[in-house]
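Structure at a glance
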Amino acid sequence: LGGENSLRTGSNGSGKTTLVDALLTLLVRREDRTYNLSSGQEGKDGRSEESYVLGAYSTTKSESDYAANKEYLRDKSCHSIILGQFDNEHAKTPLTLMQIRYFTPSLSMQKLFVICEGELSLESMNDKGVMFDASNTWKNRFRAAFSPSTILFFDTFKGYSTEFASRVGFRDREKALRIFSQTVGMKDLSNLNEFIRTRMLCEMDMVGEFKKTLENFNTLMETKHLIEKDEE
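To keep things clear, this report deals only with the structure shown in the data block. Note that residues are indexed from 1 along each chain, following the sequence as it is written. The predicted origin of the model limits local features to residues at a pLDDT of at least 70 and limits the giving and counting of side-chain atom pairs to 80 or more, whereas totals for whole chains, interfaces and linings rest on all residues. Only heavy atoms go into the side-chain values, all of them from the structure, while hydrogens and water stay out.

**Comments concerning the overall build of the protein chain**
Here is the rule we go by: In DSSP terms, a helix is any run of H or I states spanning at least four residues, a strand is any run of E spanning at least two, and both are numbered starting from the N terminus. Per-residue accessibility, obtained with a 1.4 Å probe over protein chains only, is compared with the maximum for each type, and a residue is labelled buried under 20%, exposed over 50%, and partly exposed between these values. Contact definition: two residues touch when any of their heavy atoms are within 4.5 Å. For every accessible area listed, the method is Shrake-Rupley and the probe measures 1.4 Å; residues are considered covered only by the protein chains on display.
A tally of regular secondary structure across the protein chain gives eight helices and six strands. The order of α-helices and β-strands along the protein chain, N terminus first, is α-α-β-β-β-β-β-α-α-β-α-α-α-α. Taking all 232 residues of the protein chain together, the buried fraction comes to 26%. Contacts in the protein chain between residues far apart in sequence, at least 24 positions, make up 47% of those at least 6 positions apart. Approximately 16300 Å² of the protein chain is accessible, and the part contributed by carbon and sulfur atoms is 50%.

**Quick notes on the packing of helix α1 (residues 16–27) against helix α5 (residues 157–168)**
Worth spelling out the cut-off: Here an angle of 0 to 180 degrees is reported between the N-to-C directions of two axes, which are lines fitted to C-alpha atoms, with helices fitted over the stretch in contact. Should an angle fall under 35 degrees it is taken as roughly parallel, and over 145 as roughly antiparallel, whereas 65 to 115 is taken as roughly perpendicular and any remaining angle as oblique. Throughout, the ten residues Ala, Val, Leu, Ile, Met, Phe, Trp, Tyr, Cys and Pro are labelled nonpolar, Asp, Glu, Lys and Arg are labelled charged, and all others, Gly among them, are labelled polar.
Put simply, α1 and α5 touch, their axes get as near as 9 Å, and they point 90 degrees apart. Regarding the angle of α1 to α5, the classification is roughly perpendicular. Side by side, α1 and α5 meet where Thr25, Leu26 and Leu27 of the first sit next to Phe157, Tyr160 and Phe164 of the second. Tallied by class, the residues present in the contact of α1 with α5 amount to five nonpolar, one polar and no charged.

**Quick look at the sheet that holds strand β4 (residues 95–103)**
Put simply, the rule reads: By this definition, two strands are paired if DSSP reports at least two bridges between them.
With antiparallel pairing, four strands are arranged side by side in an open sheet as β3-β4-β5-β6. One side of each edge strand has no neighbouring strand; the edge strands of this open sheet are β3 (79–86) and β6 (150–154). On average, each strand axis in the sheet is inclined to that of its neighbour by 15 degrees, with strand direction left out of account. Relative to strand β5 (residues 109–117), β4 runs antiparallel, the two being bridged by nine bridges. In the sheet register, Phe103 faces β5, and the bridge partner there is Met109. Sitting on the sheet, α1 is in contact with β3 and β4, with an inclination near 80 degrees to β3. Taken strand by strand, α5 contacts β4, β5 and β6, and its axis lies near 170 degrees from that of β4.

**Here we look at empty space enclosed by the protein**
Filter applied, for reference: Method remark: on a 1 Å grid restricted to protein atoms, a set of points is classed as a cavity if a 1.4 Å probe fits but cannot get out and as a pocket if it is open with protein on both sides within 12 Å along at least five of seven lines; lining residues have an atom within 4 Å of a point. Grid points are joined across faces, edges and corners, and a volume is the space filled by probe spheres set on the points.
As enumerated under the stated definition, the model contains one cavity of 30 Å³ or more in all. In this structure, the largest cavity spans a volume of roughly 40 Å³. As for the largest cavity, its lining consists of Leu27, Val28, Arg29, Asp32, Phe157, Arg173, Glu174 and Leu177. Counting residues per element, the lining of the largest cavity draws most heavily on helix α6 (residues 173–184), which supplies three residues.

**Description of the packing of aromatic side chains**
The following threshold applies: Pairs were defined over the aromatic rings of Phe, Tyr and Trp, the Trp ring being its six-membered one, requiring ring centres within 6.5 Å. Orientation was assigned from the angle between planes: stacked under 30 degrees, edge-to-face over 60, tilted for the rest. The rule is short: NZ of Lys or CZ of Arg within 6 Å of the ring centre and within 35 degrees of the ring normal puts a charge over the ring.
Inspection of the entire model under this criterion finds eleven aromatic pairs. Plain terms: the ring middles of Tyr102 and Phe132 are 5.1 Å apart, the flat faces sit at 45 degrees to each other, and that makes the pair tilted. One end of the pair, Tyr102, is in strand β4; the other, Phe132, is in the loop between α3 (122–127) and α4 (138–146), with 30 residues separating them in the sequence. Look at Tyr102 and you get partly exposed, because its relative accessible area is 21%. Residue classification places Phe132 among the buried residues on the basis of a relative accessible area of 8%. In textbook terms, an aromatic cluster arises when at least three aromatic residues are bridged by ring pairs, as seen for Tyr102, Phe132, Trp138, Phe142, Phe146 and Phe153. A cation sits over an aromatic face here: Lys128 above Phe146, 5.5 Å from the ring centre.

**Describing the environment of Ala144**
Note that Ala144 resides in helix α4. Given a relative accessible area of 58%, Ala144 falls into the exposed group. C-alpha of Ala144 to C-alpha of Val130: the two residues are 14 residues apart in sequence and 9.7 Å apart in space.

**With respect to a nonpolar patch on the surface**
For the record, the criterion: Candidates for patches are residues over 30% relative accessible area with no salt bridge; among them, like charges are joined within 9 Å and nonpolar side chains (Val, Leu, Ile, Met, Phe, Trp, Tyr) within 5 Å. Salt bridges are defined as contacts in which a side-chain nitrogen from Lys or Arg sits within 4 Å of a carboxyl oxygen from Asp or Glu.
Together, Phe210, Leu214 and Phe217 line one region of the surface with nonpolar side chains, adding up to about 320 Å² of accessible area. Position of Phe210 among the secondary structure elements: in helix α8 (residues 206–231). Here Phe210 falls in the exposed class, since its relative accessible area comes to 55%.

**Examining the layout of surface pockets**
One number sums up the size of the second largest pocket: a volume of about 510 Å³. The wall of the second largest pocket is formed by 17 residues, among which Phe86, Leu95, Phe164, Arg167 and Val168 lie closest to the centre. For the lining of the second largest pocket, the residue count by class is eleven nonpolar, two polar and four charged.

**Quick word on the environment of Tyr102**
Here the alpha-carbon distance between Tyr102 and Lys76, two residues 26 residues apart in the chain, equals 7.7 Å. Sequence-distant contacts of Tyr102, that is, excluding residues within four places in its chain, are made with Cys78, His79, Ser108, Met109, Gln110, Phe132 and Ala134.

In structure tokens form, the structure reads like this:
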């Protein structure tokens, strides 16, 4: 977006919310994000990482079924890649973040997180013949294809997010990304005061903080009394 504001419009089902959800997936840990926020239907349509990977597009229910069944465009032989390149006029090179989701033979979904210090795109991966596969040699082939760019692989979101947060200069990674998650898809804001209190301010255990303060005060008073007693 070139650092500028933008307006994305489109009819229902054109992918506006999907774009927001993809950005949240790329930057925010699963515990701090909720899909479908930007549509004003927070979590009501059952969107999940797996439903996105498999391309869930419809829910059906026949007369003989007790529960609704989702219909998918893809089966679990597929994989899904989300890639975002972030540029800054003061940075020497772009920073590219990539996440890959795929299924093991046991059909459980796996994740791989990648950080590339330099330009990277799905087109360039395809041109170099290193589109993802679940083989043990893929990482080596990928590194060889894009050398001398710095490429890091992570099996967990925590390591991946800690690394990219340090590179973009977040002072408080978890708080910054939590606020980002809650504001990026904001559509209906009826009470600004409630929004700031519940979504932007850090949660605090006020009772616990008061008890600690009281304990510290009592300790100081006891020390004061002991000093006064010694002086007598």
